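# Structural overview for review
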Amino acid sequence: MRGAVLYATHCASCHGVDLEGHPDWRTPNADGSYNPPPHDATGHTWHHGDVTLVQVISDGGSFPQSRMPAFGDILTEERILVILDFLKSTWGEEERAFQREATDREQARRS
């Protein structure tokens, strides 16, 4: 599975081999930043549409609490979408449906 390989290569060192994130991802660090969240169904990745997720992965976290580095120089949008497809394959139907609706709303706003 190409998405799993790309995830293991570019994401797992921070977000966990099993998509589990940092154990204390919900508690802010002393500087106000947060540790990497999980990408499985226990996290919040599925709350965001594809447009937002591609942007965050490509450009890095654009909010002060994020330490997410930018991967736009390393990963093409196509490869980012392959990684997202891998993440989605691990979510339950409710999470996938919610995320599809979030993606549809984002795409409608862009039209």
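Everything below is about the structure printed above this text.
### Observations regarding the overall build of the chain
From N to C terminus, the chain includes 5 helices and 0 strands. Its helices and strands taken in sequence order, the chain reads α-α-α-α-α from the N to the C terminus. Rg of the C-alpha trace for the chain: 14 Å, near the compact-globule value of 13 Å for 111 residues, within the 12% margin. Overall, the chain is about 40 × 30 × 30 Å in size when its C-alpha atoms are taken along their principal axes. Within the chain, contacts between residues separated by at least 24 positions form 53% of all contacts whose residues are at least 6 apart in sequence. In the structure as shown, the chain presents an accessible area of about 6,800 Å², 54% of it carried by carbon and sulfur atoms. Within the chain, one finds 10 positive and 17 negative side-chain charges whose respective centroids are separated by 3 Å.

### Brief notes about the pattern of salt bridges
In the structure shown here, the tally under the stated rule is 4 salt bridges. Here Arg96 ties to Glu93 by a salt bridge, and the two come within 2.9 Å at their closest N and O atoms. A residue pair is termed a helical-turn pair when its members lie 3 or 4 positions apart in one helix, as Arg96 and Glu93 do in helix α5 (residues 93–110) at 3 residues. Overall, the relative accessible area of 26% leaves Arg96 in the partly exposed class.

Conventions adopted
- Residues numbered from 1 in each chain as written.
- Predicted model: local features only at pLDDT ≥ 70, side-chain atom pairs only at ≥ 80, totals over all residues.
- Heavy atoms only, no water.
- Helix = DSSP H or I, 4+ residues; strand = E, 2+ residues; numbered from the N terminus.
- Rg over C-alpha atoms; globule rule 2.2 N^0.38 Å.
- Contact = heavy atoms within 4.5 Å.
- Areas by Shrake-Rupley, 256 points an atom, 1.4 Å probe, with all protein chains shown as cover.
- Lys, Arg positive; Asp, Glu negative; His and termini not counted.
- Charge placed at Lys NZ, Arg CZ, Asp CG, Glu CD.
- Salt bridge = Lys/Arg side-chain N within 4 Å of Asp/Glu carboxyl O.
- Buried < 20%, exposed > 50% of the residue type's maximum accessible area, 1.4 Å probe, protein only.

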